[in-house]
Amino acid sequence: MLRGSDTLIPYCGLPPLPSTLWSRWNFDPLLLGVLGALACAYAVGAARRSRAHRGLTRAEQVSFYGGWAVTAMALISPLCALSVSLFSARVSQHMVLALVGAPLVAAGRPWNAFGALCKPGEAAAAAPAATPASSACFAACGLFAALLWCWHAPAPYAATFASNAAYWSMHVSVYGAALWLWHALLDPRPARIVPAIAAGLLTSMQMGLLGALLTLAPRALYTPHALTTE
């Protein structure tokens, strides 16, 4: 969070002008470092699992890196700056992260790759333990819903414009919950199909309900956008 003479500057900067939007990329060194470190860690973990003859498939690795790229673009592209002006842009950023980036990353089984880094000698035995129980579908569904509704309440939402810690708490917690939810939903075991379908339907319903409440609200709910939307 930066402070101008009288104005707190959100993490993504001041609201952009239409003429400058495409130049507003977010090259935060810390963010780029974390993203790079995660990609490298996955590559090393995948290589260790391959040497243990329990390697991740090419499709899984492509999925992870595709999700990593989508996640990175949602955070460093001009969408970050546009989300300061428009609530619709902030919601679009969240949807890209939760509904595109997270499932692609989860399909790449990153927990298996990262587990190989922690216990390289046990990489081959780590895979079964990473698979969630049926109840994980509903736990992940509940956590994702709770975080989504909490962070879209007016006060917590406004806090993300006044504090970098709040901004990253929102994004990391919602994205982490989305990863856990997709991990559970993508469990291929037949016994998990019914819980996964039920959790998916509940998630769709609660997201639709939240969207309807925000769209049909009788007044503007988010003061940070009061002077920037037009």
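First, a word on scope: everything that follows refers to the structure included in this document.

**Examining the packing of aromatic side chains**
The description of an aromatic ring pair uses the distance of the two centres, along with the angle that the planes make with each other. Under the criterion given, the structure shown has 12 aromatic pairs. Centroid distance Tyr42 to Tyr65: 5.4 Å. Interplanar angle 85°. Geometry classified as edge-to-face. Of this pair, Tyr42 sits in helix α1 (residues 29-51) while Tyr65 sits in helix α2 (residues 58-76), placing them 23 residues apart in sequence. With a centroid separation of 5.2 Å and 90° between ring planes, the pair formed by Tyr167 and Trp168 is classed as edge-to-face. Put simply, the rings of Tyr42, Phe64, Tyr65 and Phe114 pair up and form one aromatic cluster.

**Things to note about helix α9 (residues 164-185)**
A rise of 1.5 Å per residue sets the reference length of α9, with its 22 residues, at 32 Å; its end C-alpha atoms lie 31 Å apart and thus fit the reference within 8%. Within α9 the residues assigned to the buried category are Ala166, Tyr167, Met170, His171, Val174, Tyr175, Ala177, Ala178, Leu181, His183, Ala184 and Leu185. One side-chain oxygen of the residue at the start of α9 lies 3.2 Å from the amide nitrogen of Ala165, identifying that residue as Ser163.

**Examining the nonpolar core**
Tyr11, Cys12, Leu31, Phe144, Leu148, Val174 and Leu181 are the most contacted members of the largest nonpolar core, which totals 42 residues. Examining the composition of this core, we find that 9 residues originate from one element, α9, more than from any other. Other than its neighbours up to four places away in sequence, Phe144 contacts Ala98, Val174, Ala177, Ala178, Leu181, Thr203, Gln206 and Met207.

Cut-offs and rules
Residues numbered from 1 in each chain as written. Predicted model: local features only at pLDDT ≥ 70, side-chain atom pairs only at ≥ 80, totals over all residues. Heavy atoms only, no water. Phe/Tyr/Trp six-rings, centres within 6.5 Å; stacked < 30°, edge-to-face > 60°. Helix = DSSP H or I, 4+ residues; strand = E, 2+ residues; numbered from the N terminus. Expected span 1.5 Å × (residues − 1). Buried < 20%, exposed > 50% of the residue type's maximum accessible area, 1.4 Å probe, protein only. Polar contact = N/O pair within 3.5 Å; in protein donor to acceptor, adjacent residues only side chain to side chain. Core = buried A, V, L, I, M, F, W, Y, C linked by side-chain atoms within 4.5 Å. Contact = heavy atoms within 4.5 Å.

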